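Residue-level structure breakdown
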Amino acid sequence: MTDAATLFGLCAAALVGLGVYALIVNPQPLRKILAFNVVGNGVFVLFGAVAHRGAALGWGGDPVPQALLITGLVVAFSASALAIAVLLRLFDETGSATVASDPPEKPDADAGKA
Amino acid sequence: MIEAFNGALALLVLVLAIWTVVARDTFAAAVGFVAYGMLLTLVWVQLQGIDVALIEGAIGGGLTGAMLIAAASRLRPTEAAARAERPGLPTRLAAALVAACVAAALAVAVLALPDPAPTLARETADNMAATGVGNPITGVLLAFRAMDTLLEAIVVLFAMIGVWALAPDRAWGGRPGRLHRADPDGILAYLARVLPPIGIVVAVYIFWIGADLPGGKFQGASILAAMWLLAAMAGLADAPPVSRTSLRVALIAGPVVFIAIGAAGVWTAGAFLAYPDGLAKPLIKVIEWALLPSLALTLALILAGAPERPAR
Amino acid sequence: MTTTPGGLLLVAAVLVPFVGVLAGFALGGRNAQRAATLTILAGVGIAIAIVAAMARSDDDLVYLLGGWAPPLGIALRADGLALVMIPAIAVVILGIGVYARADFATPPGVREARAPLVFWTLLLAIWGSLNLVFVSGDLFTLYVALELLTFAAVPLVSLDGKAETLRAALRYLLYALLGSVFYLLGAVLLYGAYGTLDIRLLAEQVRPEPAALAAAALMTVGLLAKTALFPLHLWLPPAHAGAPPAASAVLSGLVIKGSWFLVVRIWFDVFPGLVTAPSAQLLAAFGAAAILVGNVVALRQERLKLLVAYSTVAQIGYLFLMFPLAFDAGTATLERGGALAGGMLQAISHATAKAAMFMAAGLVYRALGHDRIAGFAGIGRALPVSVLTFALAGLALMGLPPSGAFAAKKLLLDAAGASGQWWWEVVLDVGGLLTASYVVLVLAHALSPAAEPVKPRAPVSRLAEMAALALAICSLALGLAALGPAPLDALPNPLDPKEFGSALAVLAGGAVLALALGLRLPPLPAGDAAVAGVRRATVAIGAAFVRADGVLRQWPVAGLALMAAAIAFGAALLARA
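Residues numbered from 1 in each chain as written. Chains lettered and ligands numbered in written order. Predicted model: local features only at pLDDT ≥ 70, side-chain atom pairs only at ≥ 80, totals over all residues.

1. Focus on the overall build of chain C
Helix and strand counts for chain C come out as 22 helices and 4 strands. In terms of overall size, chain C behaves like a compact globule, its C-alpha atoms giving a radius of gyration of 23 Å where 577 residues would be expected to give roughly 25 Å. Relative to its full complement of 577 residues, chain C shows a buried share of 64%. Taking the intrachain contacts of chain C between residues at least 6 apart in sequence as the baseline, contacts between residues at least 24 apart amount to 80%. (Helix = DSSP H or I, 4+ residues; strand = E, 2+ residues; numbered from the N terminus. Rg over C-alpha atoms; globule rule 2.2 N^0.38 Å. Buried ≥ 20, exposed ≤ 12 C-beta atoms within 10 Å, placed from the backbone. Contact = placed C-beta atoms within 7 Å.)

As structure tokens, then:
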């Protein structure tokens, strides 16, 4: 029993690392949302591994974390949906999809004033 | 044998996750994500969390995947510009380094978790009799930690309001999303006519047995939302205009019933969200019946998007 | 653990705003604003009742939801920290609710408009979520509260639908989601190690083990990302500057306090024994950097709303200075004492003052049609109340007596002196000078006479002006609580004459800094080449700060900074003396 939990727990740690890398490196916001989902799934799988380690009384896992996981999955879905909606609206407004900062305002010309 | 299967599954999950990270084309990455979601469902089965597997399959792989693929195809024109923005090698190396550090620290923490693991299974079992349901997860969701479920229904509603807030002013009050058209003789229209009735029966069944076996309203609601999405994609159904009061009342009905029963518990059972003796199971059923349509509607409307077409 | 009398008020504090959201949303149209008005009145009443209930009893208010006790159930708990925050937030919401009546009234002839419906429902949503953050005693419920707060705050950023605000909203949402997922990861690790998510029960069991240390680092950094503590502040300036003024007041004054409060909660209540001196100093070091960079970049801004947003970046830094000052080296734990009181007082002073400042900036924008500081000449005569509000809010932020920030600063300075951490005393004093500089700058422009009298383009609501002024006065008068009932006599006396001397010194120092670093000043009389040279040098320094801030606010850099901060905190927590 604990072997499966440890294996998937380590898998979850790797997923979190992968998602974090993708979140920093990929410029497209949609890829960032994908990466956020990968990180989120890593956290959820870790929670599931923790639940499995708490198996007792004939149940396959500790029911409290499993119940919280269901809540967490629905919240993560709503978060992705909201992010995609903002992204698509940004695309409709500007034709481009990026979170890069707007170009800085032109440098002021008061170096001459003394 | 089982260890080998689990090992192969974990490896495959990681490979697909790497694919979604490094794939050149965003559309391909989104498709890979759907496959990855399906594999995660298997992971849940192996971790013996069947309820979670059901939700992961419906929402994590299914609805999220549909959303991502639709967005990826709409955002195709931005690929070239985005590729030009890719950070250089030093940034990518730094990112890989910090990501590896974080993953390593997590791995150490995972391996250092105590053995025997602390668990609340015994406490849950001791108190299940008071709730009258057989599925311990339903007991946790609707009795012991009912507040989290109530807040979760409200969170989903807030996300929907946030999506609606993105509408342009001229389209406010109108119908969400675009009107889809599909070939009436094509496979999509055929599936959209055949699958939803089956899907609705399956959804209601999963919802009904959730009291004693794996299942419940979240799983049922997501399948209902998915069936609506299928019909909408084939042009057989359209979202109602957001200004319609009956729609709004249907959306809040679930949380309102939940809050009302919770408030009644203050007088009848001594605490907010407490159930009087013997009435726990019927009240839980009432809450679930009220939440199922509200939740399904909210999830479906989140998928539909912001109002884009002025109401007729 | 049992429910105490008056505990039901905690449930009401959370649910009454949410019921208001549901009612206003379903009834639609103008009913959203009516529901908001009723709910605000009810909510203020509940806040007063909570304060009264806590004054009557010595213990915290506790409520067991469903009658189930932790670790199986969820407990709501209101302690001294919640006692400070709940009424303060209620007062600010009241002020914003009055102010926004002008901006977000449904126009006549229209059954329902988008912006008013969204604003009123989300205002109540933020309020309920904040109350939940203050009273929840369970880490997972707090995660749901954080998500509630984010989902309610993000649409307010892009309420006007323009492209820049949409981009700012997307950036905010993505960074905030990363923050909450890190927080959840920490909570998962804690459950895996200790089998409970209740704060009280965890506090008894947490030990310096890998799982707990990783959880502390991850949760802290996730919350810092949501609070926009430098260098994780990439999303804040465009988001708060681009939102409508009433929304900016909510975002800067209130939403940020939610995730900050959680840092305080987990450091003082879950991990007090886990905290090490290096980790506390690291947290305050980020705060000091925020104060320095935020204030200098604020001084270089051309637009008032961006100046106020960068001022928020700086003021957030103040909120984190209390951690090393509360750290007791002898017992190696965080103690609840003068430093914590100073930090809480700083938070509520900032909430009121910053909300008032954004409201004043909004009124000026409405009247002039722009918010370029260089064009403010003459508004002192045209909009006297708004300029006065800005001045009072600025004085309150600077920490001049008798404001709450002054009392907070004194408490923190006392703690710094007592523990010998003189470097934080320097930071506090320099911060006051820098804040003074841009307040002086804006007022100098606003009070300078214009060639011809300024005519407001659009009428400015008197009610809105009064609401803003009232909040500014609240912030300025918070220090007077020291003259009130006995339990608060730990606060310094604000009417002490020698404080006025140092107040004048702060103002003078601020003026000097404004001359050295600011933009677009009226030209000085033709003078020394040396003076011109000095000014060129200082302006170059200021421009360098702005460039550095620009680099830090790019996504890859900010993402790397987030991860590096997590690793740094992990390392700092491992360094046990």
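2. Observations concerning the overall build of chain A
In terms of regular secondary structure, chain A is built from 3 helices and 0 strands. Helices (α) and strands (β) of chain A occur, in sequence order from the N terminus, as α-α-α. Per-residue burial for chain A yields a buried fraction of 72% across its 114 residues. Long-range pairs, those at least 24 residues apart, make up 51% of the contacts in chain A between residues at least 6 apart in sequence.

3. Remarks on the interface of chain A and chain B
Listed as interface residues are 68 residues of chain A and, on the opposing side, 78 residues of chain B. Mapped onto the side of chain A that touches chain B, the elements with two or more residues apiece are helix H1 (2-25), helix H2 (29-53) and helix H3 (63-94) of chain A. The element best represented in the side of chain A that touches chain B is H3(A), accounting for 22 residues. Class assignment of the residues belonging to the side of chain A that touches chain B gives a composition of 46 nonpolar, 17 polar and 5 charged. (Nonpolar A, V, L, I, M, F, W, Y, C, P; charged D, E, K, R; others polar.)

4. What to know about the interface of chain A and chain C
Of the residues lining the interface, 38 residues belong to chain A; the matching set on chain C comes to 40 residues. Elements with a contribution of two residues or more to the side of chain A that touches chain C: H1, H2 and H3 of chain A. Element by element, the count of residues in the side of chain A that touches chain C is highest for H3(A), at 13 residues.

5. Describing the pairing of strand E2 (residues 75-78) of chain C
All names here are of chain C. The two faces of E2 match: Ala-75 and Arg-77 on one face and Leu-76 and Ala-78 on the other face are all buried. Alignment of strand E1 (residues 61-64) against E2, held across 4 bridges, turns out to be antiparallel. Paired with Leu-64 across the bridge in E2 is Ala-75. (Pairing = 2+ DSSP bridges.)

6. Examining the packing of helix H10 (residues 245-270) of chain C against helix H14 (residues 338-368) of chain C
Residue and element names in this part refer to chain C. At a minimum axis distance of 7 Å, the contact between H10 and H14 shows a crossing angle of 165°. Here H10 is positioned roughly antiparallel relative to H14, judged by the angle of their axes. Between H10 and H14 lies a crossing whose hand is right-handed. Taking contact as the criterion, the partners of Pro-245, Ala-246, Ser-248, Ala-249, Ser-252, Gly-253, Leu-254, Lys-257, Trp-260 and Phe-268 in H10 are, on H14, Leu-340, Ala-347, Ala-351, Lys-354, Ala-355, Phe-358, Met-359, Ala-361, Gly-362 and Tyr-365. By residue class, the composition of the contact of H10 with H14 is 14 nonpolar, 4 polar and 2 charged. (Axes fitted to C-alpha atoms, helices over the stretch in contact; angles between N-to-C directions. Parallel < 35°, antiparallel > 145°, perpendicular 65-115°, else oblique. Left-handed = near helix turned anticlockwise from the far one by under 90°.)

7. A few points about the environment of C:Trp267
Residues and elements named next belong to chain C. Looking at the secondary structure, you find Trp-267 in helix H10. As for Trp-267 and Ala-216, which are separated by 51 residues in sequence, their C-alpha atoms are 8.2 Å apart. If sequence neighbours within four positions are ignored, Trp-267 has contacts with Val-275, Phe-323 and Leu-334.

8. Quick look at helix H9 (residues 187-209) of chain B
Residue and element names in this part refer to chain B. With 23 residues, H9 should cover 33 Å at 1.5 Å per step; its first-to-last C-alpha distance of 32 Å lies within 8% of that length. Of all bends in H9, the biggest is about 35°, found at Leu-195, and the proline Pro-196 comes one to four residues later. Looking at H9, one finds that the buried residues are Ala-192, Pro-196, Ala-203, Ile-206 and Phe-207. Next to the buried residues of H9 lie helix H3 (50-74), helix H10 (217-233) and helix H12 (280-304). (Expected span 1.5 Å × (residues − 1). Bend = angle between axes of the 7 residues up to and from the residue.)

9. Overview of H3(A)
Residue and element names in this part refer to chain A. Taking 1.5 Å per residue as the helical rise, H3 with its 32 residues ought to reach 46 Å, and the 47 Å between its terminal C-alpha atoms agrees with that figure. The buried fraction of H3 is high, at 29 of 32 residues. Two residues or fewer after H3 comes Gly-95, characterised by a positive phi angle close to 80°.

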